Amino acid sequence: MGILEVKGVNKRFGGLQALGDVNLSVAENSVHAIIGPNGAGKSTLLNCLVGKLIPDTGSVMFDGNSVLGRKPHEINQMGISRVFQTPEIFGDLTVMENILIPCFAKRDGSFRMHAFEGVNHETALMEKAENILEDVNMAEKRDMHAASLSRGDKRRLEMAMCLVQEPRLLLLDEPTAGMARADTNNTIDLLKEINQKRDITMCIIEHDMHVVFSLAERITVLAQGTPLVEDTPENIKGNPKVQEAYLGESQH
Amino acid sequence: MLGLNKKDAGLFTIVIVLTMLAPFILNPFPENSELAQFNAGYPDLMQRFVIFGIFAIGFNILFGLTGYLSFGHAAFLGVGSYAAIWMMKLLTLNVIPAIIMGIIFAGLCGGGVGFVARSRSGIYFSILTLAFAQMSYALAYSVLTPITGGETGLQIKATDSPLMSSVPEGEIGRANLFGLEMGSSYELSVGGWLFTFNAGYYIAAVCMLIAFYLSIRLFRSPFGMMLRAVKSNQQRMNYTGLNSKPYTLAAFVISGMYAGLAGGLMVAMDTQVGPERMFWTASGEVVLMAILGGVGTLIGPVLGAGMIKYMENIISKINDNILHQWFAFMPDGIEDFMVFIIHPFIGKGWHLTLGIVFMLVVIFLPGGLVEGGQRIGRLFGRKKRAEAEAESTAKTPAE
């Protein structure tokens, strides 16, 4: 029994079958990658996991509880964090504030009227935020406006915002899209470290095979909305069906 | 001080000093001089400065922090006023229950309107709030005449006979604070200057200082940070485990309560209400105040409110005769020409002047008057630094 269990999920958009009978099981503390050609339904599946979309049929269980019908903020409070394809951060706020907001969300829940406490009196949370900034090498940028960061830094910031909540499951939507090779390698190292040191289960959607094969312990290949195979990276590499559906296509 | 950091405490102290000494500061010109018309230190105008300051501070909590532009905030001002005057009609002419009732009613209305309007964002939110405000205006103007007095509005008459106060026959009831009448003033004449210390002004000023203090605390609190997060990125907020809806609604209610406080104080200063207080132009005015002063800044909205009320009252008083006096030193033809040029911008044309100032501020100082102040501050800072550097370089060779 995995920490995330997706069973028989279907999703149609009008005449388009975006997801057809998807089953997926993500084991605790593993790194699970979902790959597939464009339009295979990877992002749709991810949106079904975080409450942005509701599947037509099927069930999505996280740690024994259904996430269906819950709002994104409720799902986050259950312990699922999400990193977006283009970094979603609070651009008008400073880097430090960007980290503090998830800290407050984790401690105080989805709403609290703490209108007469000072942010700078929260020493415990400040310290926690400082530590996470050091972990992602952004400590010296703490007072910068998040919007003025470089793209790579925005990604790292978003990652840090998710990590500071100590989620049990981290969903990453193409975490290295548009990154230079060196940055990609740094991200791979960071994610490896996160997985091993913090015991965070990760589910990654990725195009870059280098990232997938360096990180994933198991890989699910989606094609036209249905899972083609689920296996270890070694077996996926040699699987002719996958070659045909995905790798073969991309080598033209 | 009071849980504020050094910078905020400094700002708050300056605001306290300025408001307390306002009767002096706003009356810089001797009574009989030609410039006396620029004096703003008379009770009626000073009261308006602080009351609209409160209104704008509250508006800024909603618009400045969450980015939700309410175009119907005057409705809460009106609701606060009607609630306050009914309290005076029924219970007592003491201002405290009236003001409290104004805050409560405006807060309740804010909750209702905010709950509905919050279901949309951006321009649709603004239109919904505008629609609510115009509906309130229509209700007050005609439908609810038994409660609101319709077009003529409400005053306190002897026939109202409040439970705990008495209104003399044939007179209009005046508000007081434990016997101290709002209209009573102490006049101090020094040389050519006449300074007026008005009870109503000081009560409104204390209310504004409290309101300002609370808004500083709110800005620096985790709650304030969440409101800025609403403005910045709601998607990220929701995926961070925060429900943005109650945060916006709370901001809306708080800002409605500020408007209610302002409305209650307006009744306390001048015991009458009319529906025109809720008209959409009044809602637009507070938007101008916030933008002119600096949206999302602490002191900006108060400055904006002060500036608009000053122009409304001072520029509108200038007439052609005064202009002729000013330009009397010029040859006749040029004098007439100058008066002709300036004529549209004074008197009833003060809106034109306001419009031009507003455009200049928005184009050249998008951060409002506060940004202007910061730029001047930086200019001086740079000069000082440059001087210090020049000095240090001048010293080195001597050593």
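Each value, and the rule that gives it
Residues numbered from 1 in each chain as written. Chains lettered and ligands numbered in written order. Predicted model: local features only at pLDDT ≥ 70, side-chain atom pairs only at ≥ 80, totals over all residues. Heavy atoms only, no water. Helix = DSSP H or I, 4+ residues; strand = E, 2+ residues; numbered from the N terminus. Rg over C-alpha atoms; globule rule 2.2 N^0.38 Å. Buried < 20%, exposed > 50% of the residue type's maximum accessible area, 1.4 Å probe, protein only. Contact = heavy atoms within 4.5 Å. Buried area = accessible area lost by both parts, 1.4 Å probe. Salt bridge = Lys/Arg side-chain N within 4 Å of Asp/Glu carboxyl O. Phe/Tyr/Trp six-rings, centres within 6.5 Å; stacked < 30°, edge-to-face > 60°. Domains from an automatic or database assignment. Polar contact = N/O pair within 3.5 Å; in protein donor to acceptor, adjacent residues only side chain to side chain. Pairing = 2+ DSSP bridges. Axes fitted to C-alpha atoms, helices over the stretch in contact; angles between N-to-C directions. Right-handed = clockwise from strand over helix to strand, strands pointing away.

**Q** Summarise the overall build of chain A; cite the residues concerned and give the values.
**A** When helices and strands are tallied, chain A shows 9 helices and 10 strands. The C-alpha radius of gyration computed for chain A amounts to 19 Å, which stays within 12% of the reference 18 Å derived for 252 residues, consistent with globular compactness. The C-alpha extent of chain A, read off along each of the three principal axes, is 60 × 40 × 35 Å. Per-residue burial over chain A gives 55% buried out of 252 residues.

**Q** Quick one: what's the story with the environment of His210(A), residue by residue and with numbers?
**A** With respect to the helices and strands, His210(A) occurs in helix 7 (residues 209-215). For the pair His210(A) and Val6(A), spaced 204 residues apart in the sequence, the C-alpha separation amounts to 26 Å.

**Q** Explain the interface of chain A and chain B to me, using residue names and the numbers behind them.
**A** A common measure of how large an interface is: the accessible area buried when the components associate. Each partner contributes to the interface: chain A provides 39 residues, whereas chain B provides 28 residues. Both faces combined, the contact of chain A with chain B buries some 2800 Å², and carbon together with sulfur accounts for 64% of it. Of all residues in chain A, Phe90(A), Phe111(A) and Phe116(A) give up the largest surface area on contact with chain B, accounting jointly for 19% of the area buried on that side. Linking chain A with chain B are 2 salt bridges.

**Q** A description of the packing of aromatic side chains should follow, citing residues and the corresponding values.
**A** Taken as a whole and judged by the stated rule, the model has 18 aromatic pairs over all chains. A ring pair is formed by Phe84(A) and Tyr239(B), whose centres lie 5.1 Å apart and whose planes are at 75 degrees; its orientation type is edge-to-face. Here Tyr239(B) lies in the loop between helix 10 (234-238) and helix 11 (244-269) and Phe84(A) lies in the loop between strand 6 (80-83) and helix 3 (95-108), a pairing that spans two chains. Considering the side-chain rings of Tyr201(B) and Tyr202(B), the 5.1 Å spacing of their centres and the 75 degrees angle between planes classify their relative orientation as edge-to-face. Judged by its relative accessible area of 2%, Tyr201(B) is buried.

**Q** Describe the domain arrangement of chain A, with residues and values.
**A** All names here are of chain A. Split by domain assignment, chain A resolves into domain 1 (1-79 + 168-252) and domain 2 (89-166). A separation of 26 Å is found between the C-alpha centroids of domain 1 and domain 2. Counting residues at the interface gives 16 residues for domain 1 and 13 residues for domain 2. Of the roughly 1200 Å² buried where domain 1 meets domain 2, counting both sides, 60% is carbon and sulfur surface. Considering only the side of domain 1, the residues that lose the most area to domain 2 are Gln77, Leu190 and Arg198, jointly responsible for 37% of the buried surface there. Our count for the contact surface shared by domain 1 and domain 2 stands at 1 salt bridge. For aspartate 135, the salt bridge goes to arginine 198, with nearest N and O atoms at 2.6 Å. At the boundary of domain 1 and domain 2, one finds 4 residue pairs in polar contact (both at pLDDT 80 or more). If you list the elements that add at least two residues to the side of domain 1 that touches domain 2, you get helix 2 (72-78), strand 7 (169-173) and helix 6 (181-198).

**Q** Run through the sheet that holds strand 9 (residues 218-223) of chain A, naming residues and quoting values.
**A** All names here are of chain A. What the 6 strands build is an open sheet, ordered 6-7-8-3-9-10; its pairing is mixed. Each edge of the open sheet carries a strand with a single partner, namely strand 6 and strand 10 (226-231). Each strand of the sheet is rotated relative to its neighbour by a mean of 20 degrees, with strand direction disregarded. Relative to the sheet, helix 1 (residues 42-49) contacts strand 3 (31-35), strand 6, strand 7, strand 8 (201-205) and strand 9, its axis offset from that of strand 7 by approximately 150 degrees. Of the strands in this sheet, strand 6 and strand 7 are in contact with helix 5 (residues 151-163), which crosses strand 6 at around 180 degrees.

**Q** Summarise the pairing of strand 8 of chain A; cite the residues concerned and give the values.
**A** Residue and element names in this part refer to chain A. For strand 8, a buried count of 5 out of 5 residues is recorded, marking the element as mostly surrounded by other parts of the structure. The two faces of strand 8 match: Thr201, Cys203 and Ile205 on one face and Met202 and Ile204 on the other face are all buried. Where strand 3 lies against strand 8, 4 bridges are found, and the strand directions are parallel. In the sheet register, histidine 32 faces strand 8, and the bridge partner there is cysteine 203. Relative to strand 8, strand 7 is paired through 5 bridges, and the arrangement is parallel. Of the residues in strand 8, the one forming a bridge with leucine 170 is methionine 202. Taken together, strand 7, helix 6 and strand 8 form a β-α-β motif whose crossover is right-handed.

**Q** Can you tell me about the sheet that holds strand 1 (residues 4-13) of chain A, naming the residues and giving the values?
**A** Residues and elements named next belong to chain A. With antiparallel pairing, the 4 strands of this open sheet are ordered in space as 2-1-4-5. Two strands in the sheet have a free side with no partner beyond their single neighbour: strand 2 (16-26) and strand 5 (65-66). When strand 4 (residues 57-62) meets strand 5, the two strands line up antiparallel, connected through 2 bridges. The partner of methionine 61 across the bridge, within strand 5, is serine 66. Across the sheet, helix 1 touches strand 1, strand 2 and strand 4, and the angle it forms with strand 2 is around 65 degrees.

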